[in-house]
Amino acid sequence: MAEVKISAKNRAEFGKGAARRARREGLVPGVVYGHGSEPVHVNLPGHDLMLALKTPNVLLSLDVEGKKELVIPKAVQRDAIKGFLKHVDLLLVKRGEKVTVEIPIHTEGELAPGGNLLEHVLNALPVEAEATHIPEAVTVSIAGLDTGHSVLAKDITLPAGTTLAVEEDAVVIQVVSAQAEAPAAEGEAEGEEA
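Residues numbered from 1 in each chain as written. Predicted model: local features only at pLDDT ≥ 70, side-chain atom pairs only at ≥ 80, totals over all residues. Heavy atoms only, no water.

Colleague: Describe the overall build of the chain, listing the residues and the values that go with them.
Modeller: A tally of helices and strands in the chain yields three helices and 13 strands. The C-alpha atoms of the chain give a radius of gyration of 23 Å, which is well past the 16 Å a tight globule of 194 residues would have. Its C-alpha atoms give the chain principal-axis dimensions of about 75 × 45 × 25 Å. Burial statistics for the chain: of 194 residues in total, 34% are counted as buried. For the chain, the exposed area adds up to about 11900 Å²; of that, 50% sits on carbon and sulfur atoms. Measuring between centres, the 19 positive side-chain charges of the chain sit 20 Å from its 29 negative side-chain charges. (Helix = DSSP H or I, 4+ residues; strand = E, 2+ residues; numbered from the N terminus. Rg over C-alpha atoms; globule rule 2.2 N^0.38 Å. Buried < 20%, exposed > 50% of the residue type's maximum accessible area, 1.4 Å probe, protein only. Areas by Shrake-Rupley, 256 points an atom, 1.4 Å probe, with all protein chains shown as cover. Lys, Arg positive; Asp, Glu negative; His and termini not counted. Charge placed at Lys NZ, Arg CZ, Asp CG, Glu CD.)

As structure tokens, this is what we get:
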């Protein structure tokens, strides 16, 4: 995974008014915390941050007025209607340090014929990986799976250096049958009253 470099400025003003002023200037308020250090309040460039966050679990090389830190996004708040970034929490990490993150699950292949539906029990797979080598996603083959089959966490092939952060027997994906609509009673179908 590549590092994305972003410059940030320390933030001295707090509260709604200060956050709104920062957003009008194209900045996103954020906080950097972790490793027992005091939280650092920062303003980040909104456009650069939005582009970086398109990659899940992106590793950011943050330059806060000359002090360089490695961080990963821990919580991102977006406006519910317009979708712009409102606030971001960034977690400090070190090279070689293991972190627990959730990675997206992609499926490939076709289910067995016959009205089967795929149910994602987990939308993302919790894993533990080195902060500088977080996988972007895992791919699961669903080719030929029929009703009643499921894919467990232990069945998923993980990249080297990555371990599960969930029970091995946790169901990730299962195949269910499509529910047919119950046929109407004979009298109801013809519009007769009983």
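After that view, the rundown keeps rolling.
Colleague: Help me get a handle on the environment of Val175, residues and values and all.
Modeller: In this structure, Val175 sits in strand 13 (residues 171–177). By relative accessible area, which is 3% here, Val175 ends up buried. Other than its neighbours up to four places away in sequence, Val175 contacts Leu111, Asn116, Leu117, Leu118, Leu145, Asp146, Thr147, Gly148 and His149. (Contact = heavy atoms within 4.5 Å.)

Colleague: Please set out the sheet that holds strand 10 (residues 138–141) residue by residue, giving values where relevant.
Modeller: The strand order 10-7-9-12 describes an open sheet built from four strands, whose pairing is mixed. Two strands bound the open sheet, and with one partner strand each, they are strand 10 and strand 12 (163–164). Examined bridge by bridge, strand 9 (residues 124–130) and strand 12 share two bridges and lie antiparallel to one another. Bridging across to strand 12, Glu128 finds its partner in Thr163. (Pairing = 2+ DSSP bridges.)

Colleague: So what's going on with helix 1 (residues 16–24)? Which residues, and what values?
Modeller: Residues of helix 1 that are buried: Ala18, Ala19 and Ala22. Viewed along the axis of helix 1, the buried residues span an arc of 100 degrees, placing them on a single side of the element. Projecting away from the buried face of helix 1 at angles above 90 degrees are the exposed residues Lys16 and Arg24. Two residues or fewer past helix 1, Gly26 is found with a positive phi of approximately 85 degrees. (Arc of directions from axis to C-beta.)

Colleague: Talk me through the sheet that holds strand 8 (residues 116–120); I want residue IDs and the actual numbers.
Modeller: The strand order 8-13-11 describes an open sheet built from three strands, whose pairing is antiparallel. Each of the sheet's edge strands pairs with one partner strand only, and the pair in question is strand 8 and strand 11 (150–152). Sheet twist, expressed as the average angle between the axes of neighbouring strands with direction ignored, equals 15 degrees. Examined bridge by bridge, strand 11 and strand 13 share three bridges and lie antiparallel to one another. Of the residues in strand 13, the one forming a bridge with Ser150 is Gln174. (Axes fitted to C-alpha atoms, helices over the stretch in contact; angles between N-to-C directions.)

Colleague: Just give me the short version of unusual backbone geometry, but keep the residues and values in it.
Modeller: For His35, which is not glycine, the phi torsion reads 55 degrees and is therefore positive. Within the element layout of this structure, His35 appears in the loop between strand 2 (27–34) and strand 3 (37–45). Even without being glycine, Glu65 reaches a positive phi, approximately 50 degrees. The residue Glu65 is located in the loop between strand 4 (59–64) and strand 5 (67–78) in this model. Note on Glu65: relative accessible area 54%, which makes it exposed.

Colleague: Account for the nonpolar core, naming residues and giving values.
Modeller: Core analysis: the biggest nonpolar cluster contains 24 residues, and Ile72 and Leu125 have the highest contact counts within it. Those elements that provide at least two residues to this core are strand 5, strand 6 (85–93), strand 7 (98–108), strand 9, strand 10 and strand 13. Ranked by residues supplied to this core, first place goes to strand 7 with four residues. Beyond its immediate stretch of four places on either side in the chain, Leu125 contacts Val101, Glu102, Ile103, Ile105, Val138, Ala153, Ile156, Leu158, Leu164, Val166 and Val172. In this structure, Ala8, Leu44, Leu49 and Val58 belong to the second largest nonpolar core, which totals 18 residues. (Core = buried A, V, L, I, M, F, W, Y, C linked by side-chain atoms within 4.5 Å.)

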